[in-house]
Amino acid sequence: MSAQTITVYIDPTQQEAQQNNNYSLYLAKKVNDTFTVIWQSLGPLPTSTQPGYNYENTFQIAVPSYEVNYGTVTEKQGSVIFQGAGISIAINLGQSVDLSAGGEFYNIQNDGLPGTITVHNARQGNPHEILCDQSGYPIFVNIESGMDVGKATLTPIDTYQIWFGSYQESGTIIADNIGNTGIITFEDSDNATISYTKDGEWVQGKLPSNAAQVNENLKGKLTAV
């Protein structure tokens, strides 16, 4: 799988407003038709450990392989948390892996469906599957139901969600109350552009240039006259 690039433009007025709210910019990847985990983030202001977002921002995404794991998911004070319980194993799309009754992954094979990762689960107790990127950062956690004994399939999709929100660490479950999200889907290209306008809306493509905006404002004034 080749690298993918998402370029995000933020209108300067909105950049200032989101920074004043102390909101971060988040990115999540769709797996099994849902977004569950914050994958990458940019803070309102740069720190020694995290970059901040600007007018133009670039997310570089290169995930030629994944890691699969399982964990225990619980709900505490209205927020979902999870705790990894196994030792993750590297795996590629189109492969399958066995999970033993004792909780060990083994026997990776190239017999899965294209674009999917299959877990043959023998562990009781409905362990919740976790999918990570190749660096071990969680992309998806099954928070709805655990794996039954038998076959479970994970399907990463080249669709991403981006939004502003209160601080959360990367790799944590997305808060239930987020809104106003932008969607990026890769189809015929490995490059995508999305913008956050001065009206607080996500639109595909670049923001209008300053010259175009000045012309639009002037046009509006002439029409009013």
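Bear in mind that the values here come from a model prediction, so they are computed numbers and not experimental data. (Residues numbered from 1 in each chain as written. Predicted model: local features only at pLDDT ≥ 70, side-chain atom pairs only at ≥ 80, totals over all residues. Heavy atoms only, no water.)

Draft legend 1. Seen up close, the side chain of Thr116. Assignment of secondary structure puts Thr116 in the loop between strand S9 (105-109) and strand S10 (117-121). The class for Thr116 is buried, based on a relative accessible area of 8%. Separated by 2.8 Å, the side chain of Thr116 and the backbone oxygen of Leu113 make a polar contact. Beyond its immediate stretch of four places on either side in the chain, Thr116 contacts Asn92, Leu93, Gly94, Gln95, Thr153, Leu154 and Thr155. (Helix = DSSP H or I, 4+ residues; strand = E, 2+ residues; numbered from the N terminus. Buried < 20%, exposed > 50% of the residue type's maximum accessible area, 1.4 Å probe, protein only. Polar contact = N/O pair within 3.5 Å; in protein donor to acceptor, adjacent residues only side chain to side chain. Contact = heavy atoms within 4.5 Å.)

Draft legend 2. Just the environment of Ala62, in detail. Tracing the sequence through the fold places Ala62 in the loop between strand S4 (56-61) and strand S5 (66-76). With relative accessibility at 44%, the residue Ala62 sits in the partly exposed group. Residues Ala62 and Gln4, spaced 58 residues apart in sequence, show a C-alpha to C-alpha distance of 6.2 Å. If we ignore the near neighbours within four places in the chain, the residues touching Ala62 are Ala3 and Gln134.

Draft legend 3. Main features of the sheet that holds strand S15 (residues 182-185). Across the sheet, four strands lie side by side as S3-S2-S14-S15; this open sheet has antiparallel pairing. Only two strands of the sheet have a single neighbouring strand rather than two, namely strand S3 (40-42) and S15. With direction set aside, neighbouring strand axes in the sheet form an average angle of 20 degrees. (Pairing = 2+ DSSP bridges. Axes fitted to C-alpha atoms, helices over the stretch in contact; angles between N-to-C directions.)

Draft legend 4. Structural view of the nonpolar core. Counting 37 residues, the largest nonpolar core has Ile6, Val8, Leu25 and Ile162 as its most contacted members. Ile6 has contacts with Leu27, Asn57, Thr58, Phe59, Ile61, Tyr160, Ile184, Phe186 and Ala192, leaving out every residue within four places of it along the chain. (Core = buried A, V, L, I, M, F, W, Y, C linked by side-chain atoms within 4.5 Å.)

Draft legend 5. Spotlight on the pattern of salt bridges. Considering all chains together, one arrives at two salt bridges under this definition. The shortest N-O distance in the salt bridge between Lys29 and Asp158 comes to 3.3 Å. Of the two residues, Lys29 sits in strand S2 (residues 24-31) while Asp158 sits in strand S14 (residues 156-165), which places them 129 residues apart along the sequence. Overall, Asp158 belongs to the partly exposed group, its relative accessible area being 28%. Salt-bridge contacts for Lys198 lead to Asp199; the nearest nitrogen and oxygen are separated by 3.6 Å. (Salt bridge = Lys/Arg side-chain N within 4 Å of Asp/Glu carboxyl O.)

Draft legend 6. Molecular detail of the sheet that holds S4. Within the open sheet, the four strands sit side by side as S4-S1-S16-S17. Their pairing is mixed. Bordering the open sheet on either side are S4 and strand S17 (202-204), each of which pairs with just one other strand. Sheet twist, expressed as the mean angle between neighbouring strand axes with direction ignored, is 25 degrees. With six bridges connecting them, strand S1 (residues 4-10) and strand S16 (residues 191-196) associate as parallel partners. Bridge pairing in S16 links Thr7 to Thr193.

Draft legend 7. Representation of helix H1 (residues 12-20). Along H1, the residues classified as buried are Gln14, Gln15 and Gln18. Taken down its axis, H1 places every buried residue within 105 degrees of arc, on the same side. For H1, exposure combined with an orientation more than 90 degrees from the buried face picks out Pro12, Thr13 and Asn20. Looking at the buried positions of H1, the neighbouring elements they touch are S1, S14 and S16. Backbone nitrogen of Thr13 and a side-chain oxygen of the N-cap are separated by 2.9 Å at the start of H1; the cap is Asp11. Looking at the residues trailing H1, positive phi occurs at Asn22, about 60 degrees. (Arc of directions from axis to C-beta.)

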